[in-house]
Amino acid sequence: ADILFHMEQGDPSKAPNLETYKLYLSVWPKEDFFEVGRVLSKLGEDLGNEELSNTIENALASLAKDTPNATPIRNQERGATALNLFLQAKSQGISVTPTMCINLMRPQPVDSISKVFDYLESLTDVSIPFECYASTIFLLLDARTTFEEKKAIVSRTLKRYAGGNLLAESTDIESLMTGIMQELAYQGRPSPMDAILKIFEEFKMMEGVPVEKVRIPPECYNMVLNGWMEEGDKYKFGETLNRMMKDDLASEACQTSLLPGLVSIPKVFQMLLTTNSPAERIARKATVILDDMLKRSKSSGDDAWKPNEACFEHTLTALSKVGSSEAAEKARDYLTKMIRILHCQPSTGAFNKVMLAIIKAPDSSFSGGDKYKRINTLWRRMKSMGVQPDVITCKNMLRACSAVPRNDDTDVIMSARNMTLQALKTIRAIGSADAGSYGLAAIAFSSLLKDLAPDDRDKIAKTVCRLCYEDGFLNEKNSHLFRNTMRLPVWEELAEEFSTHTKHQPSLSECNKTMYAIVTAHGKAFEPGGKFTRVRALMEKMQKANVEPDQTTYKNILRACRFAATDYKPEAVNLTMEAMGALRKSGRADAGAYGLLAKALPALLRADKRDKVAMAACRFCVEDGLLTEQNREQFKSAMSKSAWSEFEKKYHV
């Protein structure tokens, strides 16, 4: 470099010639792009076209290399040098290669990317390769530019492709879509992802685009849907799901459904149920997806298409909210298909949802006691299959009994009357009686006891009313309802009897509220392990008073167990497992319960014992279709890396 400097600045007769500069470039580090560009600019007129083309191409390739530690000023020089070399090649009449276009864009600084690319696109004699568009898109995605710039370059890329100016295969377009979505998903921006997705959807409709060959990859919809899920934007989720279904189900050319590309189909159903759309529209979407899966499963014989229990149950939930006879019939039909296709025993919740769909249907769509008869048939079917009813089942039965007309067939009225007593007995047996269940029984008796003799009617009504009082649920509303089921003198006598008693038993609601107050109180308000010992003591009081725990009770226990002191941890582990087992057995386990369990395990078990328990718990969570993204991260934190990797491979979560 010194020698060259003195030759350039000294005697003109000793000025460097072409060979001098070639020798100089052969030993000079290629990564010093600024000096390389300076020398090449001096050689432009002396080098031959072919030789200059190769040298410029190599220099551009050198400039395109990443320099992580470069300063912003150095990067500005790098981009300017690349542009000068490119302009020199153009001025010398050198044909521009696709590689030169790509290497021109890569070293450009953020504020020059769009301008340089505009210049490149303005050249009519240059064929810009697809890779150059893709490279520029990702440069803009990484840069802190406005989203409008990113969106514009994506749109221009696709328009060029649609116009036939790019010779890229459809797989290149799909890879580009997926890459853009992954970058935006990494940045946690569902709104831009959705905007890009709409550009792709418009691209498919452009003239010249082979629709049968170009499809939007399932992963793109998947990432957008997951983005809306994480943000909790139910409206946007529903809108994107609409477009996904239209793109897939309405296209005869599309041979592969988008649904298997989703992380969790039950998760899509679950989010669909929480959107703000009308119940009829939600149910229609759910049934379209489920019917499509059943159809494809049958035609292809591939079990990968077969919907699982969670898919059926979410669809039944959607139908149970509609309130029409058509929805009730569909719910019954899906329950039958669920049993026949999956060869499984439906959960109590599945039966409850079908019952609710029938109850919500207008009475005018059923003749006489048909509504009660259909629900009674479901009750008997549950019994025959060994499915245990819960409080919701019994309340549905009470609602069905109250729908029986007074002038119906005597046998139907007698059956409904007996069913009311049986449902109430079951509710009390499982410890879930409340003011609502007694109120429903009183409403049913107001019509079902009319055909009995007055003494018989008063006897039944008095017995049930006395049970309501003893259980602590004879509030003002229930008093009014029971008063209408018996003669006035009988009611006055009963009211006088109640006023002389002061018996009180703590209700389940009171116990649950006290437990929740303990587990959510500030930690400094208790000694170490104090929350657990107090909740355990309250649980023992409930057992002595024959107050049966419900879902809320068991969740409070799961919350309390992770606060157990060291000496109580073995007992807390057992109590945790008993609570989770009771929830699963009763069909009341939900995503929240599994999340509480995952949080408790690291606090209760040593690392050498935790993996086995955590893997078993997570397996139950997957089987129940309740592994949400949040639960997945919690179980992952509860296991060692090797255990999670093993679980992930085995269950594909």
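Cut-offs applied
Residues numbered from 1 in each chain as written. Predicted model: local features only at pLDDT ≥ 70, side-chain atom pairs only at ≥ 80, totals over all residues. Heavy atoms only, no water. Helix = DSSP H or I, 4+ residues; strand = E, 2+ residues; numbered from the N terminus. Buried < 20%, exposed > 50% of the residue type's maximum accessible area, 1.4 Å probe, protein only. Areas by Shrake-Rupley, 256 points an atom, 1.4 Å probe, with all protein chains shown as cover. Polar contact = N/O pair within 3.5 Å; in protein donor to acceptor, adjacent residues only side chain to side chain. Contact = heavy atoms within 4.5 Å. Core = buried A, V, L, I, M, F, W, Y, C linked by side-chain atoms within 4.5 Å. Salt bridge = Lys/Arg side-chain N within 4 Å of Asp/Glu carboxyl O. Axes fitted to C-alpha atoms, helices over the stretch in contact; angles between N-to-C directions. Parallel < 35°, antiparallel > 145°, perpendicular 65-115°, else oblique. Nonpolar A, V, L, I, M, F, W, Y, C, P; charged D, E, K, R; others polar. Phe/Tyr/Trp six-rings, centres within 6.5 Å; stacked < 30°, edge-to-face > 60°. Lys NZ or Arg CZ within 6 Å of the ring centre and 35° of its normal. Expected span 1.5 Å × (residues − 1). Arc of directions from axis to C-beta. pLDDT = per-residue confidence, 0-100. Left-handed = near helix turned anticlockwise from the far one by under 90°. Disulfide = S-S within 2.5 Å.

Novice: Give me the lowdown on the overall build of the protein, citing residues and values where you can.
Specialist: When helices and strands are tallied, the protein shows 33 helices and zero strands. Counting the 653 residues in the protein, one finds 48% classified as buried. In the form shown here, the protein has an accessible surface area of approximately 32,800 Å², with 51% of it arising from carbon and sulfur atoms.

Novice: Run through the side chain of Lys395, naming residues and quoting values.
Specialist: When you line up the elements, Lys395 lands in helix α20 (residues 391-402). Residue Lys395 is classed as buried on the basis of its relative accessible area of 17%. Side chain to side chain, Lys395 and Asp434 meet in a polar contact 2.8 Å long. Sequence-distant contacts of Lys395, defined by excluding residues within four places in its chain, comprise Ile427, Asp434, Gly436, Ser437 and Leu440.

Novice: With reference to specific residues and values, describe the nonpolar core.
Specialist: Among the nonpolar cores identified, the biggest contains 84 residues, and Tyr372, Met397, Tyr438 and Phe482 are the most heavily contacted of them. At eight residues, helix α17 (residues 325-342) tops the list of elements feeding residues into this core. Residues contacting Met397, with those up to four places away along its chain left out, are Met355, Tyr372, Ile375, Asn376, Trp379, Met419 and Ala423. Met542, Ala572, Ala593 and Phe647 belong to the second largest nonpolar core, which has 47 residues in total.

Novice: Pulling in residues and values, what's your account of the pattern of salt bridges?
Specialist: Applying the stated rule across the entire model yields 16 salt bridges. In this structure, Arg632 engages Glu633 in a salt bridge whose closest nitrogen and oxygen atoms are separated by 3.3 Å. Shared partners join several salt bridges into a network, and the residues in it are Glu329, Arg332 and Arg374.

Novice: Can you break down the packing of helix α16 (residues 309-320) against α17 residue by residue, with the values?
Specialist: For the pair α16 and α17, the least separation of the axes is 9 Å and the interaxial angle reads 170°. One element, α16, and the other, α17, form an angle in the roughly antiparallel class. On α17, the residues that touch Glu309, Phe312, Glu313, Thr315, Leu316 and Leu319 of α16 are Ala327, Lys330, Ala331, Tyr334, Leu335, Lys337, Met338 and Leu342. Split by residue class, the contact of α16 with α17 holds nine nonpolar, one polar and four charged.

Novice: Now, about the packing of aromatic side chains: what can you tell me, with residues and values included?
Specialist: This structure, assessed with the given rule, holds three aromatic pairs. The interplanar angle of 25° and the centroid separation of 5.9 Å between the aromatic rings of Trp644 and Phe647 together place this pair among those described as stacked. In this pair, Trp644 and Phe647 are both assigned in helix α33 (residues 641-651), three residues apart and thus about one turn of the helix distant. For the pair Trp644 and Phe647, a shared accessibility class is recorded, and that class is buried. Sitting above the plane of the Phe563 ring, Lys531 keeps its charged end 4.4 Å from the centroid. Just above the ring of Phe620 sits the side chain of Arg619; from NZ or CZ to the centre is 4.9 Å.

Novice: Describe helix α23 (residues 454-470), naming the residues involved and giving the relevant values.
Specialist: Since the α-helix turns once every 3.6 residues, residues separated by three or four places project in the same direction. Under the 1.5 Å per step criterion, the end-to-end length of α23 is 24 Å for 17 residues, consistent within 8% with the ideal 24 Å. Residues Arg457, Asp458, Ala461, Val464, Cys465, Cys468 and Tyr469 constitute the buried set of α23. Viewed end-on, α23 has its buried residues packed into an arc of 145°, placing them on one side of the element. Projecting away from the buried face of α23 at angles above 90 degrees are the exposed residues Asp455 and Lys459. Just downstream of α23 lies Gly472, where phi reads positive at about 80°.

Novice: Which residues make up the confidence of the model for the protein, and what are the values?
Specialist: The share of residues in the protein with pLDDT of 70 or more is 72%, and the mean pLDDT across the chain is 77. Element-level pLDDT for the protein is lowest in helix α14 (residues 265-273), with a mean of 61, against a maximum mean of 92 in helix α18 (residues 348-360). Across residues 248-263 the pLDDT falls below 50, and counting only partners more than four positions away or on other chains, this stretch makes 35 contacts in the model.

Novice: Residue-level account of unusual backbone geometry, with values.
Specialist: At His343, a position not held by glycine, the phi torsion is positive, near 50°. Turning to its location among the elements, His343 is positioned in the loop between α17 and α18. Since its relative accessible area comes to 70%, His343 is described here as exposed.

Novice: Before we move on, can you summarise the side chain of Thr393 with the specific residues and values?
Specialist: Along the chain, Thr393 turns up in helix α20. Look past the residues within four positions of Thr393 in its chain and what remains in contact with it is Thr348, Asn352, Met355, Trp379 and Met382.

Novice: So what about the environment of Ser479? Which residues, and what values?
Specialist: Turning to its location among the elements, Ser479 is positioned in helix α24 (residues 476-483). In this structure the C-alpha to C-alpha distance between Ser479 and Ala495, which are 16 residues apart in sequence, comes to 9.1 Å. Discounting chain neighbours no more than four positions away, the residues touching Ser479 are Leu474 and Trp491.

Novice: I'd love a proper account of the environment of Thr317, names of residues and values included.
Specialist: Looking at the secondary structure, you find Thr317 in helix α16. According to the relative accessible area criterion, Thr317 is buried, its value standing at 14%. Separated by 33 residues in the primary sequence, Thr317 and Ala350 place their C-alpha atoms 8.2 Å from one another.

Novice: Outline the packing of helix α29 (residues 569-585) against helix α30 (residues 591-604), listing residues and values.
Specialist: Where α29 contacts α30, the two axes come as close as 11 Å, and the packing angle between them is 165°. Considering the angle they form, α29 stands roughly antiparallel to α30. Handedness of the crossing formed by α29 with α30: left-handed. Touching Lys569, Ala572, Val573, Thr576, Met577, Met580, Leu583 and Arg584 of α29 are Ala593, Tyr594, Leu597, Leu601, Ala603 and Leu604, all from α30.

Novice: Let's hear about α29: which residues, and what values?
Specialist: Between its terminal C-alpha atoms α29 stretches 24 Å, which fits the 24 Å expected from 17 residues at 1.5 Å a residue. With its phi angle positive at about 75°, Gly587 sits one or two positions after the end of α29.

Novice: Tell me about the state of the cysteines, residues and numbers included.
Specialist: What the rule picks out here adds up to zero disulfides. Free cysteine Cys621: the closest other cysteine sulfur is in Cys618, separated by 5.9 Å. Overall, the relative accessible area of 0% leaves Cys621 in the buried class.

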